[in-house]
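Understanding the architecture of this molecule
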Amino acid sequence: MIDMEVKDKPTIVQAPEGEKGEGFFLTSMSAAVGLARKNSLWPLPFATSCCGIEFMATMGSHYDFARFGAERVSFSARQADLLMVMGTIAKKMAPVLKQVYTQMAEPRWVMAVGACASSGGIFDTYSVLQGIDKVIPVDVYVPGCPPRPEQIIDGLMKIQELVANESIRRRYSPEYKELLASYGIE
Amino acid sequence: MTNEFVAENLQAFLGDALLHIEEPHGLLTIVVHRSRITDVLKHLKNSELNFIFLTDITGVHYPNYPQNELCAVYHLHNLEKNIRIRVKAFMPIENPTIDTATTVFRTANWMERETFDFFGIVFKGHPNLVRILNIDEMDYFPMRKEYPLEDGTRTDKDDSMFGR
Ligand code: SF4
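All of the points below concern the structure found in this document. (Residues numbered from 1 in each chain as written. Chains lettered and ligands numbered in written order. Predicted model: local features only at pLDDT ≥ 70, side-chain atom pairs only at ≥ 80, totals over all residues. Heavy atoms only, no water.)

1. So, the overall build of chain A
To keep things clear, this is the line we draw: Here a strand is any run of E in DSSP of at least two residues, a helix any run of H or I of at least four, and the numbering for each starts at the N terminus. Relative accessibility thresholds used throughout: buried, under 20% of the residue-type maximum; exposed, over 50%; partly exposed, between the two (1.4 Å probe, protein chains only). With residues, only the protein chains shown are counted as cover, and all accessible areas are computed by Shrake-Rupley using a 1.4 Å probe. When charges are counted, Lys and Arg contribute as positive and Asp and Glu as negative, whereas His and the chain ends are disregarded. By convention, the point assigned to a charge is CZ for Arg, NZ for Lys, CD for Glu and CG for Asp.
If you tally the helices and strands in chain A, you get six helices and six strands. In terms of principal-axis extent, the alpha carbons of chain A reach across some 65 × 45 × 25 Å. When burial is assessed residue by residue, chain A has 41% of its 186 residues classed as buried. For chain A, the accessible surface area stands at approximately 10400 Å², while carbon and sulfur atoms represent 58% of it. Positive and negative charge centroids in chain A, built from 19 and 21 side chains respectively, lie 7 Å apart.

2. Details of the site of the ligand
All names here are of chain A. Rule in force here: For this purpose, a residue is taken to be near a molecule or strand whenever a single non-hydrogen atom of the residue falls within 4 Å of it. Note that Gly is not counted as nonpolar here; it falls among the polar residues with everything else outside the nonpolar set of Ala, Val, Leu, Ile, Met, Phe, Trp, Tyr, Cys and Pro and the charged set of Asp, Glu, Lys and Arg.
The immediate surroundings of the ligand are formed by Ser49, Cys50, Cys51, Gly87, Thr88, Ala115, Cys116, Phe123, Gly144, Cys145 and Pro146. For the shell around the ligand, the secondary-structure elements that each account for two or more residues are α2 (50-59) and α4 (114-119). Looking at the shell around the ligand residue by residue, the class counts come to seven nonpolar, four polar and no charged.

3. Thoughts on the sheet that holds strand β6 (residues 140-142) of chain A
Within a sheet, adjacent strands bond to each other through the backbone by hydrogen bonds, running parallel or antiparallel. All names here are of chain A. Note the following rule: At least two bridges found by DSSP between two strands are what make those strands a pair. The convention used is that axes are lines fitted to C-alpha atoms, helices contributing only their stretch in contact, and that angles between N-to-C directions extend from 0 to 180 degrees. Contact criterion: two residues are considered in contact whenever any of their non-hydrogen atoms come within 4.5 Å of each other.
Pairing is parallel across the open sheet formed by four strands, whose spatial order is β3-β4-β5-β6. Whereas interior strands pair on both sides, the edge strands pair on one side only; in this sheet they are β3 (43-47) and β6. Within this sheet the neighbouring strands show an average axis-to-axis angle of 20 degrees, counted without direction. With five bridges connecting them, strand β4 (residues 82-86) and strand β5 (residues 109-113) associate as parallel partners. Of the residues in β5, the one forming a bridge with Val85 is Ala112. Together, β4, β5 and β6 form the strand contacts of helix α5 (residues 149-165), whose direction differs from that of β5 by roughly 160 degrees.

4. Notes on the packing of helix α1 (residues 3-14) of chain B against helix α2 (residues 37-46) of chain B
All names here are of chain B. Filter applied, for reference: Any angle that is under 35 degrees is reported as roughly parallel, and any over 145 degrees as roughly antiparallel; angles of 65 to 115 degrees are reported as roughly perpendicular and all others as oblique. By convention the crossing between two helices is left-handed if the near helix lies anticlockwise of the far one by an angle smaller than a right angle, and right-handed if it lies clockwise.
Remark: α1 packs on α2, axes separated minimally by 11 Å, with the N-to-C direction vectors making an angle of 135 degrees. When the axis of α1 is compared with that of α2, the two are oblique. The handedness of the crossing between α1 and α2 comes out as right-handed. Across the interface between the two elements, Asn9, Leu10, Phe13 and Leu14 of α1 pack against Asp39, Val40, His43 and Leu44 of α2. Partitioned by chemical class, the residues of the contact of α1 with α2 number five nonpolar, two polar and one charged.

Note that every value here comes from positions in space, so none of it alone points to a role or purpose.
In structure tokens:
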């Protein structure tokens, strides 16, 4: 049998840095909240084309997205934390995407999966939005056409890193308000 | 029923308004004067020719045909005899109007909207001729051979990077 320390087991989340003592544990609010958020992201898949198929594989048992605490795929924007845009976004779809984003409650993150969502991809043409960052802010871009499930998982882990290290005050900061204002949101 | 039979029938029906007949790859193709388009569609559908199914309407832009730049193309199918026919009508780009086919085939409604959306062909008498696929704010007809294919709003591609 493999002799494994408890801390090596992937099912156990490591505690953030802090002071430990008899019966108590002291850490910052941001670290504790970040830890909780990071391991319970509810993704909203906005899958419009081929990249969405890769996401289905990612959700399946072989790659098992659920390992990251993201098994509850939220098809309601109101309860979602992470908007995953996978596929070509036509210009006609752009207002719909923006509306979905504005319906999400803070804090919210966005991942652009694939070349199309990131930059328009091969569709450098009149009808296709040249990257979703033209209409909503994006946190992580996953390159590839389509990206393999491993890459999507890598993207999610990058998001988790952002989530874990985000200050709980960030969403109230003037910089963040300015970012949203630059997209004409709120 | 053969292509020759259909061609003769149409010749008798249209007379001078039948401008051209050809048979590329065995598909009977006629060019009619645009003023007779509704007549010819009605005739194809209701006479013994029995082309009851309008498969598609589309457009073509020929920038090099003076006064005949735009072409509306109709595909019809006789489902009983399994014979198809293609009907074309040309029009000048300054005045791209043609009568609607919705009075003959109700399915023409969306097809004509699509052809209008992409080629700017105006179907007179159409009940609701507005864009169907592209964004409403679009102020050009993208399938005409007049526009650069690439997106004009693109900022991340310049010639120094792509060697154009
Ligand atoms: S990036 Fe490639 S695989 Fe993904 S949606 Fe676009 S064309 Fe399809």
